[in-house]
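Analysis of the macromolecular model
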Amino acid sequence: MSTPIHRTSTRQSAAVLTSAQQRREGSRTGSTSARSTEHALLAMQSRAGNRATTAAVQRARDTARDTARDTERDRAAENGGASAGAKKNYRDRIAALLDRFKKNLEPIDTFIKGFQTPTNAAFTQQAAVSANEGLKHSAAASGTSAASGNLLTEAAGTVVSGMDAYKNMKDAKKHETGANHHTAKKKAKTKGADAVVGAANSGSYSAAIAKEVTKVQKAADAAVASEASGIASASIGAIKGMRSAFRVGGAARKYKQVKNLGDPHLVHAGSLARLNESREQAGWAAAEAYVALDAYWGHEGQERLELVSEAIDAAWEAMGEARDAAESLQHAERDVEKLSTVQGYAKKKQLTKMGKETVSGGGESTKAAAGIVTAVAAGTVGLASNPVGWGLAGAGAGLVLGVTMYKALRAATKRYEEVHHPERWAPKGETPAEAASRKESLKHALKFWKKVSKGERQAMAREIYALAAGPDISGSGSTTAEMRESARSLLIALKSGPAKHKLEPEAWVETLNDPAKTGDWIQEIAEQLASG
């Protein structure tokens, strides 16, 4: 008959579990294993994780107070609003608080996944080989702390994703067509999938907590819990791996479509040649007009002044046409360069996405294999001390950690440039903000919960829109028809065409030429540049 399992709270401090176990081991055997390097490292991991989590929660509480104060002030200013508006503000407030809470926990979650969890797996395997019960239970206590931190972060992210999905679903219904509709619909799908995966991942972490708790309590059915946890980990790893594979496929298709547009220098070589020919002809016409003017100056007779006046008008008009032809050619050449730059940027973004998703998906697949090995090892005595599971877990965590660190470093660099070099990506015609000092820029770079609002991607989105927009948009009036058509083909390749917006081509073109929709279009293009 198996020993009954006593339920324990998953929020119990892992440090308390570790210290209690060490006292039991010391009183029972008097050995020095409880004071070994492995025990000290595991206890330190647990205490560090608990303190970091507490600090993150405190920061979230401080943010909650600030956000609550701002929200109350906004609601007081809009006191005449209906109850539906108040509900919306309340929902937005909760979503903002949860999102900030999750982002405060993400650095801890990264440390746990990339270091603490693989280390725990290594010590667990070592304990199995050496039959060291003290080390085994210390690793289990540290594992409980790690899985609890993962669960807290994942649960918060799941709720935030669910709320975002719901909000964007409503926005997609509100905006039945156009850029707003497509942006909201795409976000609703992505966030909905994030919520489903997050819920499944939360279940996996719950199983991991149960597995570690049974080890701490020396429960008889610890093998069953380990097997269930391994299966859950393998399942969620496989799901994430498949999702990454789909994203790689989407990015590859978008890259191919953009590449198929061809090099703008070659595509528009004919139109540039025609514009250059027009410039040359206008130049010759102006030269002939000045030759005629010189001839009339030497003409004798009563009609001399009248002929000279007409020749001056003709020369002035010819010069104007020559100047306009030269400006049209220069503008077209600049547009070709811009189109070449934005197409190159779009392809680079898709290649980068393919690389990140491939590495991340490989890491998740490796972790799934580690889960399978764990499940098999739990049910097979002969594999109990097999190091394969530990090796796979470490390799998978290393790949995922590498991608996470790359993303964090890139985001920090962009936040730094955003405030230290505001003129670099500032919109044309807009006075850039005053550049921040190096110290202030570094502080801003470390604010990992903030998104970049004025970076390279937003600047490229503005360039694409300026090329594709109609003549009623400021700065787009001189764009040639051929160039505008190429830019609109780029929009279609980026999945922002008429079909995606549920519009007929004519209506789609009208939205591009509507100044009121400029902001919506730039946001839509920026989103599509980043997604696959």
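Just so it is clear, the structure is predicted and the values come from calculations on it, not from any experiment. (Residues numbered from 1 in each chain as written. Predicted model: local features only at pLDDT ≥ 70, side-chain atom pairs only at ≥ 80, totals over all residues. Heavy atoms only, no water.)

Moving on to the packing of helix H12 (residues 456–468) against helix H13 (residues 481–493). One way to put it is that H12 packs onto H13 with a least axis distance of 7 Å and a crossing angle of 130°. Classified by the angle between their axes, H12 and H13 sit oblique to one another. Note on packing geometry: the crossing formed by H12 with H13 is left-handed. Across the interface between the two elements, Ile464, Leu467 and Ala468 of H12 pack against Met483, Arg484, Ala487, Arg488, Leu490 and Leu491 of H13. Of the residues belonging to the contact of H12 with H13, the class tally is seven nonpolar, no polar and two charged. (Axes fitted to C-alpha atoms, helices over the stretch in contact; angles between N-to-C directions. Helix = DSSP H or I, 4+ residues; strand = E, 2+ residues; numbered from the N terminus. Parallel < 35°, antiparallel > 145°, perpendicular 65-115°, else oblique. Left-handed = near helix turned anticlockwise from the far one by under 90°. Contact = heavy atoms within 4.5 Å. Nonpolar A, V, L, I, M, F, W, Y, C, P; charged D, E, K, R; others polar.)

Mapped onto the secondary structure, Asn150 falls in helix H4 (residues 133–174). Here Asn150 falls in the buried class, since its relative accessible area comes to 4%. Excluding residues that lie within four positions of it along the chain, Asn150 makes contacts with Asp109, Ile112, Lys113, Thr117 and Tyr205. (Buried < 20%, exposed > 50% of the residue type's maximum accessible area, 1.4 Å probe, protein only.)

Residues Lys185, Lys189, Lys500 and Lys502 make up a contiguous surface patch of positive charge. Looking at the secondary structure, you find Lys500 in the loop between H13 and helix H14 (505–512). Given the relative accessible area of 42%, Lys500 is considered partly exposed. (Patch = residues over 30% accessible without salt bridge, like charges linked within 9 Å, V, L, I, M, F, W, Y side chains within 5 Å. Areas by Shrake-Rupley, 256 points an atom, 1.4 Å probe, with all protein chains shown as cover. Salt bridge = Lys/Arg side-chain N within 4 Å of Asp/Glu carboxyl O. Lys, Arg positive; Asp, Glu negative; His and termini not counted. Charge placed at Lys NZ, Arg CZ, Asp CG, Glu CD.)

Below, the discussion takes up the packing of aromatic side chains. Within the structure shown, the criterion is met by one aromatic pair. Look at Trp508 and Trp521: their rings are 6.1 Å apart centre to centre, the planes differ by 70°, and that puts the pair in the edge-to-face class. Residue Trp508 is located in helix H14, and its partner Trp521 is located in helix H15 (residues 518–530); the two are separated by 13 residues in the primary sequence. Residue classification places Trp508 among the buried residues on the basis of a relative accessible area of 4%. The exposure class of Trp521 is buried, given its relative accessible area of 1%. (Phe/Tyr/Trp six-rings, centres within 6.5 Å; stacked < 30°, edge-to-face > 60°.)

What follows concerns the pattern of salt bridges. Evaluation of the coordinates by the stated rule reveals nine salt bridges. Taking the shortest distance from any N to any O, the salt bridge between Glu357 and Arg247 comes out at 3.6 Å. Within this pair, whereas Glu357 is found in helix H9 (residues 304–379), its partner Arg247 is found in helix H6 (residues 222–259), the two being separated by 110 residues in sequence. The exposure class assigned to Glu357 is buried, which follows from its relative accessible area of 8%. For Arg247, a relative accessible area of 30% puts it in the partly exposed group. Across the pair Arg424 and Glu417 runs a salt bridge whose closest N-O atoms are separated by 3.4 Å. A network of salt bridges, in which partner residues are shared, links Asp194, Arg243, Arg247 and Glu357.

Our focus in this paragraph is the environment of Arg462. Looking at the element boundaries, Arg462 is found in helix H12. For the pair Arg462 and Val342, spaced 120 residues apart in sequence, the C-alpha to C-alpha distance is 10.0 Å. Among residues more than four places away in sequence, those in contact with Arg462 are Trp425, Ala426, Pro427 and Ile522. Looking at Arg462, its side chain comes within polar contact range of the main-chain oxygen of Trp425, at 2.6 Å. (Polar contact = N/O pair within 3.5 Å; in protein donor to acceptor, adjacent residues only side chain to side chain.)

In this section: the nonpolar core. Counting 31 residues, the largest nonpolar core has Ile464, Leu491, Trp521, Ile525 and Leu529 as the members making the most contacts within it. Elements that contribute at least two residues to this core include exactly H9, H12, H13, H14 and H15. Examining the composition of this core, we find that seven residues originate from one element, H9, more than from any other. Excluding anything up to four places from it in sequence, Leu491 contacts Ile464, Ala468, Ser496, Gly497, Trp508, Leu512, Trp521 and Ile525. One finds Ala289, Ala315, Ala322 and Ala325 within the second-largest nonpolar core, a separate group that totals seven residues. (Core = buried A, V, L, I, M, F, W, Y, C linked by side-chain atoms within 4.5 Å.)

What follows concerns the environment of Leu401. Summarising the element assignment, Leu401 is placed in helix H10 (residues 388–420). On the basis of relative accessible area, Leu401 is assigned to the partly exposed category, the value being 26%. Distance in space between the C-alpha atoms of Leu401 and Gly114 is 5.3 Å, their sequence separation being 287 residues. When residues no more than four places from it in sequence are discounted, the contact partners of Leu401 are Thr110 and Gly114.

At a closest axis distance of 13 Å, the pairing of H13 and H14 adopts a crossing angle of 105°. Regarding the angle of H13 to H14, the classification is roughly perpendicular. Contact residues: Arg488, Leu491 and Ile492 in H13; Trp508, Val509 and Leu512 in H14. For the contact of H13 with H14, the class distribution of residues is five nonpolar, no polar and one charged.

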